[in-house]
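# Structural description and commentary
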Amino acid sequence: MTQLPEVQALLCEETVPGGGHTSFVLKRGQVLRFTDILGGANISLMLFNAHEKSERLNLPDTLKGQHTAKLTAGHCLYSDMGRVLAAIVADTCGWHDSFGGVLNASETAEKYGQGRYQELRNGFHRNGTDNLLVEMGKWNLSIEDLLMVLNLFSKVTVDSDGNFSFHAGHAKAGDYVEFYAPMDVLVVLTAIQHPMDPNPEYAPRPVQLTWRTANEDELLICKTSRPENLRAFQNTERLYI
């Protein structure tokens, strides 16, 4: 794990195994670091306002509002209410995918084979859709609440003809990305292979999650990167006036 300065002491850490899933509330003022332990990981995640879960991540607004097709340090993740659910304050990877989505059970079986529990036990082939729904159910959310996902550590580009290309080997061992939470945010995620990953073998990689208290100076990269971001932060801060 990459060392953190003493002034940014760890609050908690957890490892999500390849194919695993988890959910939790990232509290206002905390930073969550996602680390690719082995290289080639992918995290498919969704974000919700922890206290009003009808407010959730809006990826189209996030991309349009910041005039980008990729997400990296300096970008914010907007809710459908024009608030900041999370701000990307550090990133060694440089590109995270908003287009690829996740596979469901039938798509996973078609790509990797049946991979049943009966033969493989805990190594059976999980799929992103079901993994996310399992976690969502813990928070009284259902399939109607299933959103577009952000795929961390994956790079997908689009050419002039609209063709998508997945860049294998994009994330290296030790790469990390950090989210600052300006509000309490529900994080739902699964460590599962990207749908466009060309590897024919089912081989999702583990990721490490690390929580710490934020340094307010870290926010400058996001607040000053675009005027839209400053307005979104102001909208968020009004929740606490």
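Here the structure is shown first, and the text comes after it.
Heads up: these notes are all about the structure in this document. Keep in mind it's a predicted model, so treat the numbers as computed, not measured.

### A few points about the overall build of the chain
Along the backbone of the chain there are 6 helices and 12 strands. For the chain, whose C-alpha radius of gyration is 17 Å, the value lies close to the compact-globule estimate of 18 Å for 241 residues. Across its three principal directions, the C-alpha atoms of the chain cover 55 × 45 × 35 Å. For the chain, the residues scored as buried account for 51% of the 241 residues in total. The contacts in the chain between residues at least 6 apart in sequence include a share of 78% that link residues at least 24 apart. A total of about 11100 Å² of accessible surface is found on the chain, and carbon and sulfur atoms cover 51% of it. When the 21 basic and 29 acidic side-chain charges of the chain are each reduced to a single mean position, those positions are 2 Å apart.

### Brief notes about the sheet that holds strand 6 (residues 84-91)
With antiparallel pairing, the 6 strands of this open sheet are ordered in space as 1-12-3-10-6-5. On the outer flanks of this sheet lie strand 1 (10-16) and strand 5 (76-78), each paired with one strand and no other. Direction aside, neighbouring strands of the sheet carry axes that sit 20 degrees apart on average.

### What about the pairing of strand 11 (residues 185-191)?
Among the 7 residues that make up strand 11, 7 are buried, leaving the element largely enclosed by the rest of the structure. Across the two faces of strand 11 the burial is the same, with V185, V187, L189 and A191 and L186, V188 and T190 all buried. Inspection of the sheet shows strand 2 (residues 21-26) paired to strand 11 by 6 bridges, in the antiparallel sense. By the bridge assignment for strand 11, S23 is matched with V188. As judged from the 7 bridges shared by strand 4 (residues 43-49) and strand 11, these two strands associate in the antiparallel manner. Pairing of L45 across the sheet is with L189, part of strand 11.

### Description of the nonpolar core
F34, L45, L47, L152, F179 and L189 are the most contacted members of the largest nonpolar core, which has 33 residues in total. For this core, the leading source of residues is strand 11, giving 4 residues. With 12 residues, the next largest nonpolar core counts V31, Y78, V89 and A232 among its residues.

### Quick word on the environment of Y78
Mapped onto the secondary structure, Y78 falls in strand 5. Considered as a pair, Y78 and G65 are 13 residues apart in the sequence and their alpha carbons are 8.6 Å apart. Beyond its immediate sequence surroundings of up to four residues, Y78 is in contact with R56, L57, N58, D61, T62, G65, Q66, R83, L85, E228, N229 and A232.

### Details of the pattern of salt bridges
Counted under the stated rule, the structure contains 10 salt bridges. For D61, the salt bridge goes to K64, with nearest N and O atoms at 3.8 Å. Of this pair, D61 and K64 both sit in helix 1 (residues 59-66), separated by 3 residues, roughly a single helical turn. Owing to a relative accessible area of 31%, D61 belongs among the partly exposed residues under this scheme. Owing to a relative accessible area of 58%, K64 belongs among the exposed residues under this scheme. Of the charged contacts in the structure, one is a salt bridge between E218 and R212, with a shortest N-O distance of 2.6 Å. Overall, R212 belongs to the buried group, its relative accessible area being 2%. One network of salt bridges, with partners in common, ties together R33, E178, R212 and E218.

Here is what the cut-offs are and how they apply
- Residues numbered from 1 in each chain as written.
- Predicted model: local features only at pLDDT ≥ 70, side-chain atom pairs only at ≥ 80, totals over all residues.
- Heavy atoms only, no water.
- Helix = DSSP H or I, 4+ residues; strand = E, 2+ residues; numbered from the N terminus.
- Rg over C-alpha atoms; globule rule 2.2 N^0.38 Å.
- Buried < 20%, exposed > 50% of the residue type's maximum accessible area, 1.4 Å probe, protein only.
- Contact = heavy atoms within 4.5 Å.
- Areas by Shrake-Rupley, 256 points an atom, 1.4 Å probe, with all protein chains shown as cover.
- Lys, Arg positive; Asp, Glu negative; His and termini not counted.
- Charge placed at Lys NZ, Arg CZ, Asp CG, Glu CD.
- Pairing = 2+ DSSP bridges.
- Axes fitted to C-alpha atoms, helices over the stretch in contact; angles between N-to-C directions.
- Core = buried A, V, L, I, M, F, W, Y, C linked by side-chain atoms within 4.5 Å.
- Salt bridge = Lys/Arg side-chain N within 4 Å of Asp/Glu carboxyl O.

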